[in-house]
Amino acid sequence: MASSRRAVTEMGAARFFRRTGERVYDMADLARATDKLASYVEGFRAQHPGRPLRGFGYSNGANILASVMIARPDLFDRLGLLHPLIPWQPAPAPDLKGRQVLITAGRNDPICPWPLTERLADWTRAQGALLATSYHDGGHQIRREE
């Protein structure tokens, strides 16, 4: 098991990339963080050839993994994205076809609004990923069924 370090601090909380406001990403910093994580994963893959690679993240961790999935769909064999928020419409990513992706969310999540998570799930499914979902009527907390 390996993990990437968070490089940004926001009000004392470690994050992978900057925001300019709630649900408003600093897109240049997101691109930097996406490239950094993709490079980290490439290095890990090179050190462990032939091993399946899984990414798993919650909230900000799910957001950076989703960004890497969009930019580099070839890097992960499986992804678990718990309460992701992608506030833009991604370009098509045909290399995501056949990759296993789990997306979980709360339909009443004040931090990751349901329509944005649902849009990411719809986009992921449209790319041909093998999408599994687990949704609940709660908020940003992780529930047992997830």
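Just so it is clear, the model here is predicted, and its values are computed rather than measured.

Novice: If you had to explain helix 2 (residues 60-71) to someone new, which residues and values would you point to?
Specialist: Over its 12 residues, helix 2 extends 17 Å from the first C-alpha to the last, a length consistent with the 16 Å expected when each residue adds 1.5 Å. The element helix 2 is extensively covered by neighbouring structure, given that 11 of its 12 residues are classed as buried. Along helix 2, the residues classified as buried are Asn60, Gly61, Ala62, Asn63, Ile64, Leu65, Ala66, Ser67, Val68, Met69 and Ile70.

Novice: Kindly report on the pairing of strand 7 (residues 100-106), identifying the contributing residues and their values.
Specialist: In terms of burial, strand 7 is largely enclosed, as five of its seven residues are buried. Of the pairings in the sheet, the one linking strand 6 (residues 78-82) to strand 7 comprises five bridges and is parallel in character. Directly across from Leu81, in strand 7, lies its bridge partner Ile103. Pairing geometry for strand 7 and strand 8 (residues 130-136), over seven bridges, is parallel. Counted as the bridge partner of Gln100 is Leu130 from strand 8. Crossover handedness for the path strand 7 to helix 3 (residues 114-126) to strand 8: right-handed.

Basis of the calculations
Residues numbered from 1 in each chain as written. Predicted model: local features only at pLDDT ≥ 70, side-chain atom pairs only at ≥ 80, totals over all residues. Heavy atoms only, no water. Helix = DSSP H or I, 4+ residues; strand = E, 2+ residues; numbered from the N terminus. Expected span 1.5 Å × (residues − 1). Buried < 20%, exposed > 50% of the residue type's maximum accessible area, 1.4 Å probe, protein only. Pairing = 2+ DSSP bridges. Right-handed = clockwise from strand over helix to strand, strands pointing away.

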